[in-house]
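Summary of structural features
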Number of protein chains: 2
Amino acid sequence: MSTALRAPFRRNPLTLKNTINDCTSSNMILILGSTGYVGAKYEQYLKGRGIPCRAVSRKEVDYTRVEPLTELLISSRPEFLINAAGYTGKPNVDACEINKLATLQGNAVFPGVVREACESTGTPWGHVSSGCIYSGRRADGQGFSEEDTPNFSFRTNNCSFYSGTKALGEEILSGAKDCFIWRLRIPFNNENNPRNYLTKLMTYKTLLEAENSISHLEEFVESTFACWEKRIPFGTYNVTNPGAIMTSDVVRWIQEETARRDKEGIPCPFPRSYAFFDDLESFMKIAAKTPRSNCVLDTAKLTEAGISLTPVEEAVRKALREWIP
Amino acid sequence: MSTALRAPFRRNPLTLKNTINDCTSSNMILILGSTGYVGAKYEQYLKGRGIPCRAVSRKEVDYTRVEPLTELLISSRPEFLINAAGYTGKPNVDACEINKLATLQGNAVFPGVVREACESTGTPWGHVSSGCIYSGRRADGQGFSEEDTPNFSFRTNNCSFYSGTKALGEEILSGAKDCFIWRLRIPFNNENNPRNYLTKLMTYKTLLEAENSISHLEEFVESTFACWEKRIPFGTYNVTNPGAIMTSDVVRWIQEETARRDKEGIPCPFPRSYAFFDDLESFMKIAAKTPRSNCVLDTAKLTEAGISLTPVEEAVRKALREWIP
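Just so it is clear, the model here is predicted, and its values are computed rather than measured.

**Considerations on the packing of helix α9 (residues 247-263) of chain B against helix α12 (residues 312-321) of chain B**
All names here are of chain B. In contact at an axis separation of 10 Å, α9 and α12 are set at 40 degrees when each is read in the N-to-C sense. As the angle between them shows, α9 and α12 are arranged oblique. Considering the relative orientation of α9 and α12, their crossing is right-handed. From α9, V250, W253, I254, E256, E257, R260 and R261 reach across to α12, where they touch E313, V316, R317, L320 and R321. Taken together, the residues that form the contact of α9 with α12 break down as 5 nonpolar, no polar and 7 charged.

Structure, rendered in structure tokens:
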């Protein structure tokens, strides 16, 4: 109730604006969270294209605080900042239920910290958000558009603590200047990795049948960076592969790829059999501590902006064909 | 989605436990937020009783971060810590709607920071929370007890951003070890101050008729510290003056005190006339940007622990009688 923290917590961007306004920015892209599953791909992608970028580590700069991050932006003057840092529970979101402070700091407060630093220094930026703030489909059967209010959040009181903080993070970014909010969902690609949705399907003892929009990791990275390169309007974008998959579809595609490899005598690393939970109830009883987001997102906004990902079935089949064990 | 912040955000208390376990604590009380309206009273109260205390400022130690606060606790080894720091909008909670990051940091994240530092160093502590996470009365007509789930929070999606973060702060403290959560509501006393409920009633152009439990500031401070001195069980306590007031009751008491002073020829600083909004709708339309919490709290738990405040009417009338302009 006291206001002791009021002054320290309020920061005045104006004091910095003047020092920065007449600086021309470098053509460097600054990446936060480059040690993460998504952030590492941004660094790899930009370096692969020979685009100057700097992946800053928290050891160098404690970018979770406004002041050090602001100083970094003033000294390095990036053309654009990518925030791929956040807090995801390990091995899954259940861990966020017992690490609530870190989850709240990483997913709700941290985006606000980046916003303050970017706005005070006039740095355009993009935030890797999550589509896990929705559940199911829209009442009209369509996928959720960027304009639909999250229905899997603290405000709907049906969510995991992780999803709650992700939705709160988007609230904190509401009205942010020169900011992209990119919604990723269940990343996958052709590289065996515990964070890869396909790896998860192949390693989980029992699977939950559910419908989801999902994001091919490299396509997500390429498409989100294209938002900046093509200077499409700032704002929120669902960045998933068009369409949606049922868990059982992907299992079938895995088994079809297995059959193809068998036929052609190509060694196949994929498990042969897959078990499913009878229903959501038994999944929640046996495997999960907190509700999961399963949802379908509409990608029309990104497509209309001239950027689109591969249709989801094609993207998944390709990843399986080109699988690196 | 990335885990870049995972390691930095997760902290392991065990590393510190061993260094601290065999330290005997000093008999000093550490106060956070002592520059605030509530925190200043704690410092005044403890010094008045000759109890060793230290009011630490953020200039000395950035106690909003776990590491500096933990180091402070290790070096100063307080017997008990009082957190009276938080973020309240100025002039009112409407300001929190445009300072969401600071509100979230001050009211939801900061209590979690204090919890981590206190638990890792084995420091018992008390947190000044707020009763503004409820609205109205319980369905059965009673005041809300400490066991009732907040009904004015993000999860009920009907609240101000301020109340949302206060409720989230209590969630972050759920299960905290050796921790008191003290719920204050609308502080008042006999000292003219913009934060004083009675001053507000006397200065607002138009008043909203509402029923509330409220807390006499000095009694709140004395009673909450008594929780520690008497070693009552840790946990959540509603710390308001028993009963509830209607705005119009308080106005009547002000006018009765005015009449008494007139009669006895004592100068009276109180305004003579008070205007009320027709209804909540016109209040919201004319005066407020975000919903206010008006609620009644049950104080039986604190009373049963052997600590009780003066009945609310008596406490308000006394403050008016002893008013210091």
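**A word on the interface of chain B and chain A**
If you look at the interface, chain B gives 54 residues, while chain A gives 55 residues. Summing the contributions of chain B and of chain A, the shared interface buries around 4800 Å²; its carbon and sulfur component is 62%. Here chain B and chain A share 0 salt bridges between them. Our count for the contact surface shared by chain B and chain A stands at 2 residue pairs in polar contact (both at pLDDT 80 or more). Breaking the side of chain B that touches chain A down by element, the ones donating at least two residues are α1 (6-9), α3 (37-48), α5 (100-121), β4 (125-130) and α6 (161-172) of chain B. Considered class by class, the residues forming the side of chain B that touches chain A number 25 nonpolar, 17 polar and 12 charged.

**Concerning the nonpolar core**
Grouped together as the largest cluster of nonpolar side chains are 64 residues, with contacts concentrated most on A:L69, A:L104, B:L69 and B:L104. If we ignore the near neighbours within four places in the chain, the residues touching B:L104 are A:L104, A:A108, A:V109, A:L168, A:I172, B:V109, B:F161, B:T165 and B:L168.

**Some points on α9(B)**
Residues and elements named next belong to chain B. Between its first and last C-alpha atoms α9 spans 24 Å; for 17 residues at 1.5 Å apiece the expected length is 24 Å, and the two agree. Among the residues making up α9, those that are buried are T247, D249, V250, V251, W253, I254, E257, T258 and R261. Of the residues one or two after α9, G265 is the one with positive phi, at around 65 degrees.

**Details of the relation of the copies chain B and chain A**
A rotation about an axis combined with a shift along that same axis relates the two copies of the chain. With an RMSD of 0.0 Å, the fit of chain B onto chain A corresponds to turning through 180 degrees and sliding 0.0 Å along the axis. Such a combination of turn and shift is consistent with a two-fold rotation axis. Measuring from the rotation axis to each C-alpha of chain B, the shortest distance belongs to B:R155, at 2.3 Å. When the interface residues of chain B are mapped onto chain A, 98% of them again lie at the interface, so the same face is used by both copies.

**Thoughts on the confidence of the model for chain A**
All names here are of chain A. With 92% of its residues at a pLDDT of 70 or more, chain A has an overall mean of 92. In this model, residues 1-23 is a region of pLDDT below 50 whose contacts with residues beyond four sequence positions or in other chains number 69 contacts. ipTM for the predicted complex: 0.79, alongside a pTM of 0.85.

**Digging into α5(B)**
All names here are of chain B. Under the 1.5 Å per step criterion, the end-to-end length of α5 is 31 Å for 22 residues, consistent within 8% with the ideal 32 Å. Taking the largest bend as the criterion, α5 deviates by roughly 40 degrees, centred on V109, and proline P111 comes between one and four positions later. Of all 22 residues in α5, 19 are buried, a share of seventy percent or more. Where α5 ends, the next residue or the one after it, G122, has phi of about 65 degrees, a positive value.

**Quick word on the sheet that holds strand β1 (residues 29-32) of chain A**
Residue and element names in this part refer to chain A. Spatially, 6 strands are ordered β2-β1-β3-β4-β5-β9 in an open sheet, and the strand pairing comes out parallel. Either end of the sheet is taken by a strand with one partner, and the two such strands are β2 (53-56) and β9 (235-238). Each adjacent strand pair in this sheet contributes to an overall mean axis angle of 20 degrees, direction not counted. Both β1 and β2 contribute to a ladder of 4 bridges, which runs parallel. Bridging from a neighbouring strand, I29 pairs with C53 of β2. Across the face of the sheet, helix α9 (residues 217-229) comes into contact with β1, β3 (80-83), β4 (125-130) and β5 (179-184) while running at roughly 165 degrees to β5.

**Focus on the packing of aromatic side chains**
Applying the stated criterion across every chain yields a total of 28 aromatic pairs over all chains. Their ring planes at 25 degrees and their centres at 6.4 Å tell us that A:Y42 and A:W182 sit as a pair that is stacked. Residue A:Y42 is found in helix α3 (residues 37-48), and its partner A:W182 is found in strand β5; the two are separated by 140 residues along the sequence. For A:Y42, a relative accessible area of 0% translates into the label buried. For the ring pair A:F154 and A:F161, a centre distance of 5.2 Å and an interplane angle of 65 degrees mean the geometry is edge-to-face. Assigned by exposure class, A:F154 and A:F161 land together as buried. An aromatic cluster is present here, built from A:Y42, A:F80, A:F180, A:W182, A:W228, A:F234 and A:Y237 joined pairwise through their rings. The ring of B:W228 has B:R231 lying over it, and the distance from NZ or CZ to the ring centre is 3.6 Å.

**Things to note about the sheet that holds strand β2 (residues 53-56) of chain B**
Residue and element names in this part refer to chain B. Taken in spatial order, the 6 strands line up as β2-β1-β3-β4-β5-β10 in an open sheet, and their pairing is parallel. The open sheet has two free edges, formed respectively by β2 and β10 (235-238), since each of these has just one partner strand. The sheet shows a mean angle of 20 degrees between the axes of neighbouring strands, direction not considered. α5 contacts β1 (29-32), β3 (80-83) and β4 of the sheet and is inclined by roughly 170 degrees relative to β4.

So, how was this worked out
- Each chain has its residues counted from 1, following the order in which its sequence is written.
- Written order decides the labels, with chains lettered from A and ligands numbered from 1.
- For a predicted model such as this one, the threshold for reporting local features is a pLDDT of at least 70, and the threshold for listing and counting side-chain atom pairs is 80 or more; totals across whole chains, interfaces and linings nevertheless cover every residue.
- Excluded from the side-chain calculations are hydrogens and water; all other atoms, namely the structure's heavy atoms, are used.
- In this analysis, axes come from line fits to C-alpha atoms, helices being fitted only over the stretch in contact, and the angle between any two N-to-C directions falls in the range 0 to 180 degrees.
- The way it works is that DSSP assigns letters per residue, a run of H or I at least four long becomes a helix, a run of E at least two long becomes a strand, and they are numbered from the N terminus.
- Working rule for angles: under 35 degrees goes down as roughly parallel, over 145 as roughly antiparallel, 65 to 115 as roughly perpendicular, anything else as oblique.
- It is the rotation of the near helix from the far one that decides the hand of a crossing: anticlockwise by less than a right angle makes it left-handed, clockwise makes it right-handed.
- Whether two residues are in contact is decided by their heavy atoms: any pair within 4.5 Å suffices.
- Each residue receives one of three labels: charged for Asp, Glu, Lys and Arg, nonpolar for Ala, Val, Leu, Ile, Met, Phe, Trp, Tyr, Cys and Pro, and polar for the others, Gly being one of them.
- In short, buried area is how much 1.4 Å probe accessible area vanishes from two parts on joining, totalled over both.
- Just to be clear on terms, a salt bridge is a Lys or Arg side-chain nitrogen sitting within 4 Å of an Asp or Glu carboxyl oxygen.
- Here a polar contact means two N or O atoms within 3.5 Å. Within protein one must be a hydrogen donor candidate and the other an acceptor candidate, and residues neighboring in sequence count only if both atoms are side-chain atoms.
- Nonpolar cores are built from buried Ala, Val, Leu, Ile, Met, Phe, Trp, Tyr and Cys residues. Side-chain atoms within 4.5 Å join them into one set.
- Any residue under 20% of the maximum accessible area for its type is buried, any over 50% is exposed, and the rest in between are partly exposed; the area is computed with a 1.4 Å probe on protein chains only.
- Each residue after the first adds 1.5 Å to the expected span of a helix.
- Here the copies are superposed with least squares, the fitted atoms being C-alpha atoms of residues at a pLDDT of at least 70 in both.
- Values of pLDDT, ranging from 0 to 100, describe the predictor's confidence in every residue of the model.
- The angle between axes fitted to the seven residues ending at a residue and the seven residues starting there is what we call the bend at that residue.
- In this analysis, strands are considered paired if DSSP registers two or more bridges between them.
- The aromatic pairing rule takes the rings of Phe, Tyr and Trp, using the six-membered ring of Trp, and pairs them if the centres are within 6.5 Å, calling planes under 30 degrees apart stacked, those over 60 edge-to-face and the rest tilted.
- Sitting over a ring, as applied to charges here, requires NZ of Lys or CZ of Arg to be within 6 Å of the ring centre and within 35 degrees of the ring normal.

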